[in-house]
Amino acid sequence: MVLRERTDYEVTREDRRFVGAHLFVAIVALSVGSLFGPLQAFEWSGLDLYGLLEPIGLGDYYKGLTIHGVLNALVWTTFFITGFLTIVIIKGLGRPLRYPKLNRIGFWTMVIGLVMAAIPILMGAATVLYTFYPPLEASWAFYLGLTLVVVGSWIEGYGFYFTMAEWRKDNPGTRSPFIVLAALITMVMWQIATLGVAVEILTMLLPAALGITAGTDPELGRTFFWFTGHPLVYFWLLPAYVSWYGMLPAQAGGKLFSDSLARLAFWLFLLLSIPVGFHHQFVDPGIPIGWKYVHAALTYGVAFPSLLTLFTVVASLEYAARKRGGKGLLGWIRALPWGNPVVSAQLLAGILFMFGGIGGITNASYNVNLVVHNTAWIPGHFHLTVASAVTLSFFGVSYWLIPYVTGKPLWTTRWASFVNWTWFIGMLIFSNAMHVLGLLGAPRRTPLGEAPYVPEEWSGHLFRMSVGGAILFVGVVAFVVVAARTAFQKSRFAEGEGVEFPIAESIHDPQDTPEWLDRFKPWIIGTIVLVALAYGPQLIEQIGNAAYNSPLISP
Amino acid sequence: MNDSPAARKGLGADPYERRWMIVSLVLLIAFMVTVTIAGFALGFQVPGDESRVDPRTVADSPPWSEPGLRDLGNGEYVAYVLSRQYLYDPNTITVPVGATVTFYVTSTDVQHGFKLQDTNVNMQVVPGEVSKLTVEFDEPGEYKYICNEFCGIGHAAMFGRVIVEAEAGGS
Ligand code: HEM
Ligand SMILES: [Cu+2]
Ligand SMILES: [Cu+2]
């Protein structure tokens, strides 16, 4: 009855290694980037350990913060996501990549870009944080390196499209598998969204860094940056949703509650995640209030598919729990397989994300944003989203994906569970303290240990924040140990053992899903039209009035 | 969860799902109405499109060549504040309690922030642009304005203060 994807397709050894290479770079980036997390938290509460790092050239708080933001938010995520989506495409469609070489080129482009950006950062020639707002000056190699990372991810995306096109030809009239559709929507969204930062770098930052132009227009730069910056958070989040919708139900012992609503949610994310970027510029000069208001309204729009997700994921989990004998209005929650770290990581990620979502609606609320803009509230918020909903879900994915690509069993269930709970508890403490500090007015991106204006009132929260940071650090170290010991151990799965690739079946036959939820063209056209309406007039205005008179200045 | 085999044209949402979607929409519209009322009826506003300046020369021409407070009478004031790595000019502003002050802030070098603690003033300060917000000081005391955007190595030290005096007269 229910359509079965060709889960019997055996992924080749080369493809497993290829996906493994993505995970490797991602986890190395996470482990280096996260080293600075606790140092930052300690510095805020007055314990300055940067002196110890001075001999190895890492004594600068902001060099560290640049590394933390770039490696964690950009590199860990992008490499994990491209690797994860690659296996989703291959397994979901049950066929190899159409042009494996193309995807290899994409991957190596990303690696070259990463190295190219890393060198100036380590040399102190790109201490501009991961937002590189003009006119802060970074080396041209940093901008070019970031560009290559983005271009590499585009190339991998093209490889996915070709593979899909081939599948369509062979399977006319068949609904595409949900996880594949979702992976492709994520890539399409990313490719439209990154046009903003590509234009910023290629027309403004790179020419200025190379001395071809005399300066930048910083507000125009911000508009380009946030054209990409908000959808960036959905580029992180949607792959986690692929797992929550398309895998977690199976891992929990149930089914996806609604195939069509899951698809609808993804299409709405494509449609709405880009034309909302001004919500990061609510307190900026140079943007008329009217446009800020339009983006505020659309931001509430993009909250709608998130609420749909909440319903569908919870309903799918409840279905699984009741099948396992769960009872009661909320008592079923206990019947979920909490002992399986793949599941508990995602459940805990989801719980943290509910707090993050509430905070997000606050941030997005136009004038309420005045209270929290650039305060500690903001990093408090995105450690719940990208550093928890996403990162903790990716931990959960790693617990089966690393065994899947290496053919070696997870080392060990118990340590993996330890990682999940440590992260959960550490993050509750850490992010709560940061949210409170933000409401009290504490600025972000500021080593508060050396700031002259810190009132006594903040100190208890600063202390809690550093306690939370220390716990988180234990969590991330444990994760890296679990990942490394799993991947590099000697023992392998015995014959007939192994991990199954998790694909959740839908309660309803996906073939019943209406056809308009399986077609790209109308949705992509709709997205372009909406983006043009929401951004076009103000972009034309800003580009028309651009004044490139702000010379780059070293930080 | 009806497993009706009939092929559906619509979403095939079940009744709970449909109710959830309606509640979500109503909730989001309610939020929107609330911020609209707060913004446009109660005047709880964000900065808008003010005016542009040339960051290379802004410090040499009026009014920015003489940053500081201007008394417009009737308890109305205007304050021009220049931000630069790593200080505000002026770094102290004194007004009587009850004063309404409109801040115009810009930068001569990189981006900065201007967050006036315990008020609703919080602005991105961008070279080439003027950020503007108005605040009424109803309580005497000291209000610090701090830089909340990374502007370079000395960023953590960048702040100034508004002193609101209890007795009318100081300015
Ligand atoms: C060991 C765990 C971690 C700790 C203790 C930690 C701590 C911190 C702290 C204290 C800040 C604020 C610094 C400041 O504003 O001055 C920060 C910023 C940030 N963190 Fe983390 N973090 C951790 C892990 C992560 C992870 C896993 C991610 C992303 C996946 C992440 C992404 C970021 C980003 C994007 C920023 C903002 C950087 C900026 O403002 O330029 N962090 N972190
Ligand atoms: Cu956003
Ligand atoms: Cu600053």
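Residues numbered from 1 in each chain as written. Chains lettered and ligands numbered in written order. Predicted model: local features only at pLDDT ≥ 70, side-chain atom pairs only at ≥ 80, totals over all residues. Heavy atoms only, no water.

**Student:** Tell me about the overall build of chain A, residues and numbers included.
**Tutor:** From N to C terminus, chain A includes 17 helices and zero strands. Its C-alpha atoms give chain A a radius of gyration of 23 Å, near enough to 24 Å, the size a compact globule of 555 residues would have. Considering only C-alpha atoms, chain A reaches an extent of 65 × 50 × 45 Å along its principal axes. Burial statistics for chain A: of 555 residues in total, 65% are counted as buried. Put simply, of all contacts in chain A between residues at least 6 apart along the chain, 84% involve residues at least 24 apart. Side chains of chain A give 33 positive and 31 negative charges; the mean places of these two sets differ by 9 Å. (Helix = DSSP H or I, 4+ residues; strand = E, 2+ residues; numbered from the N terminus. Rg over C-alpha atoms; globule rule 2.2 N^0.38 Å. Buried < 20%, exposed > 50% of the residue type's maximum accessible area, 1.4 Å probe, protein only. Contact = heavy atoms within 4.5 Å. Lys, Arg positive; Asp, Glu negative; His and termini not counted. Charge placed at Lys NZ, Arg CZ, Asp CG, Glu CD.)

**Student:** Describe the interface of chain B and chain A, with residues and values.
**Tutor:** At the interface, 67 residues of chain B touch 76 residues of chain A. Of the roughly 5,900 Å² buried between chain B and chain A, counting both surfaces, carbon and sulfur atoms make up 65%. Counting across the interface, chain B meets chain A through two salt bridges. Between chain B and chain A we count 20 residue pairs in polar contact (both at pLDDT 80 or more) in total. If you list the elements that add at least two residues to the side of chain B that touches chain A, you get helix H1 (15-41), strand S7 (121-125), strand S8 (131-136) and strand S9 (141-146) of chain B. In terms of residues, the side of chain B that touches chain A owes the most to one element, H1 of chain B, which gives 14 residues. For the side of chain B that touches chain A, the per-class residue count stands at 36 nonpolar, 17 polar and 14 charged. (Buried area = accessible area lost by both parts, 1.4 Å probe. Salt bridge = Lys/Arg side-chain N within 4 Å of Asp/Glu carboxyl O. Polar contact = N/O pair within 3.5 Å; in protein donor to acceptor, adjacent residues only side chain to side chain. Nonpolar A, V, L, I, M, F, W, Y, C, P; charged D, E, K, R; others polar.)

**Student:** Could you give an account of the nonpolar core, with specific residues and numbers?
**Tutor:** Most often, soluble globular proteins have nonpolar side chains that are buried together. If you look at the biggest cluster of nonpolar residues, it comprises 230 residues, and the most contacted ones within it are Phe84, Phe132 and Phe142 of chain A together with Phe103, Phe114, Phe137 and Val162 of chain B. No fewer than three residues from each of domain 1 (5-41) and domain 2 (48-165) of chain B sit in this core. Sequence-distant contacts of Phe103 of chain B, that is, excluding residues within four places in its chain, are made with Ala79, Val81, Ile93, Phe114, Leu116, Met123, Ser131, Lys132, Leu133, Val135, Phe137 and Val162 of chain B. Counting residues in each nonpolar core, the second largest holds eight residues, with Val58, Tyr80, Tyr104 and Val130 of chain B among its members. (Core = buried A, V, L, I, M, F, W, Y, C linked by side-chain atoms within 4.5 Å. Domains from an automatic or database assignment.)

**Student:** Account for empty space enclosed by the protein, with residues named and values stated.
**Tutor:** Residues and elements named next belong to chain A. By the definition in use, this model includes five cavities of 30 Å³ or more. Empty space within the largest cavity amounts to approximately 300 Å³. Contributing to the lining of the largest cavity are 21 residues, with Leu74, Leu146, Val150, Trp190 and Val197 lying nearest its centre. Mapped by element, the contributors of at least two residues to the lining of the largest cavity are helix H3 (61-93), helix H5 (140-170), helix H7 (195-209) and helix H8 (218-246). (1 Å grid on protein atoms, 1.4 Å probe; cavity = no way out; pocket = protein on both sides within 12 Å on 5 of 7 lines; lining within 4 Å. Points joined across faces, edges and corners; volume = space filled by probe spheres on them.)

**Student:** I'd love a proper account of unusual backbone geometry, names of residues and values included.
**Tutor:** Look at the link from Pro134 of chain A to Pro135 of chain A: it is a cis peptide, with omega at 5°. With omega at -5°, the peptide bond leading from Gln85 of chain B into Tyr86 of chain B counts as cis. Looking at the element boundaries, Tyr86 of chain B is found in the loop between strand S2 (76-84) and strand S3 (87-89). A positive phi angle is found at Asn74 of chain B, which is not glycine, with a value near 60°. With respect to the helices and strands, the residue Asn74 of chain B is situated in the loop between strand S1 (68-73) and S2. Note on Asn74 of chain B: relative accessible area 81%, which makes it exposed. For Asp118 of chain B, which is not a glycine, the phi torsion comes out positive at approximately 65°.

**Student:** An account of the site of ligand 1 is requested, with residue identities and associated values reported.
**Tutor:** All names here are of chain A. Taken together, 29 residues lie around ligand 1, and Tyr61, His68, His383, Arg444 and Arg445 are the ones closest in. Here a nitrogen atom of ligand 1 and a side-chain polar atom of His383 are 2.8 Å apart. Thr446 is positioned such that a nitrogen or oxygen atom in its backbone is 3.3 Å from an oxygen atom of ligand 1. For the shell around ligand 1, the secondary-structure elements that each account for two or more residues are helix H1 (13-44), H3, helix H14 (377-406), helix H15 (413-439) and helix H16 (459-488). (Near = heavy atom within 4 Å.)

**Student:** Any details on the coordination of the copper ion (ligand 2)? Residues and values, ideally.
**Tutor:** All names here are of chain A. Only His230 (ND1), His279 (NE2) and His280 (NE2) from the protein coordinate the copper ion (ligand 2), and they sit 1.8 to 2.0 Å from it. Mapped onto the sequence, the residues coordinating the copper ion (ligand 2) show the spacing H-x48-H-H. Placement of His230 in helix H8 and of His279 in the loop between helix H10 (259-272) and helix H11 (289-323) is noted, with a sequence separation of 49 residues between them. Accessibility classification places His230 together with His279 in one group, the buried group. (Donors = N, O, S within 2.8 Å, 3.2 Å for Na, K, Ca; no water.)

**Student:** Now, about H1 of chain A: what can you tell me, with residues and values included?
**Tutor:** Helix length check: H1 of chain A (32 residues) gives 47 Å between terminal C-alpha atoms against 46 Å at 1.5 Å per residue, within 8%. Within two residues after H1 of chain A, Gly46 of chain A carries a phi angle of roughly 100°, on the positive side. (Expected span 1.5 Å × (residues − 1).)

**Student:** An account of the packing of H14 of chain A against H15 of chain A is needed here, citing residue identities and associated values.
**Tutor:** Residue and element names in this part refer to chain A. For the pair H14 and H15, the least separation of the axes is 8 Å and the interaxial angle reads 170°. The orientation of H14 with respect to H15, classified from their angle, is roughly antiparallel. Between H14 and H15, the residues in contact are Trp377, Pro379, Gly380, His381, His383, Leu384, Ala387, Ser388, Thr391, Leu392, Phe395 and Tyr399 and Ala416, Val419, Asn420, Trp423, Met427, Phe430, Ser431, Met434, His435, Gly438 and Leu439, respectively. Split into classes, the residues belonging to the contact of H14 with H15 amount to 14 nonpolar, nine polar and no charged. (Axes fitted to C-alpha atoms, helices over the stretch in contact; angles between N-to-C directions. Parallel < 35°, antiparallel > 145°, perpendicular 65-115°, else oblique.)

**Student:** Describe a nonpolar patch on the surface, listing the residues and the values that go with them.
**Tutor:** Residues and elements named next belong to chain A. On the surface, Phe24, Val28, Val32, Leu35 and Phe488 cluster together to form a nonpolar patch covering roughly 480 Å² of accessible area. Broken down by element, the residue count for the nonpolar patch peaks at four residues, all from H1. Positionally, Leu35 belongs in helix H1. (Patch = residues over 30% accessible without salt bridge, like charges linked within 9 Å, V, L, I, M, F, W, Y side chains within 5 Å. Areas by Shrake-Rupley, 256 points an atom, 1.4 Å probe, with all protein chains shown as cover.)

**Student:** Lay out the sheet that holds strand S10 (residues 159-165) of chain B with the relevant residues and their values.
**Tutor:** Residue and element names in this part refer to chain B. What the five strands build is an open sheet, ordered S4-S10-S9-S6-S7; its pairing is mixed. Among the strands making up the open sheet, the edge pair consists of strand S4 (92-96) and S7. Along the sheet, successive strands turn relative to each other by an average axial angle of 15°, direction set aside. Bridge count for strand S6 (residues 112-116) against S7 is five bridges, and the pairing is antiparallel. If you follow Leu116 over to S7, its bridge partner there is Val121. (Pairing = 2+ DSSP bridges.)

**Student:** I'd like a rundown of the environment of Gly498 of chain A, residues and numbers included.
**Tutor:** Residue and element names in this part refer to chain A. Counting through the fold element by element, Gly498 comes out in the loop between H16 and helix H17 (520-544). Among the residues examined, Gly498 registers a relative accessible area of 44% and is labelled partly exposed. Sequence separation between Gly498 and Pro409 is 89 residues, and the spatial gap between their C-alpha atoms is 7.4 Å.

Bear in mind that shape data such as this cannot, by itself, settle questions of function.
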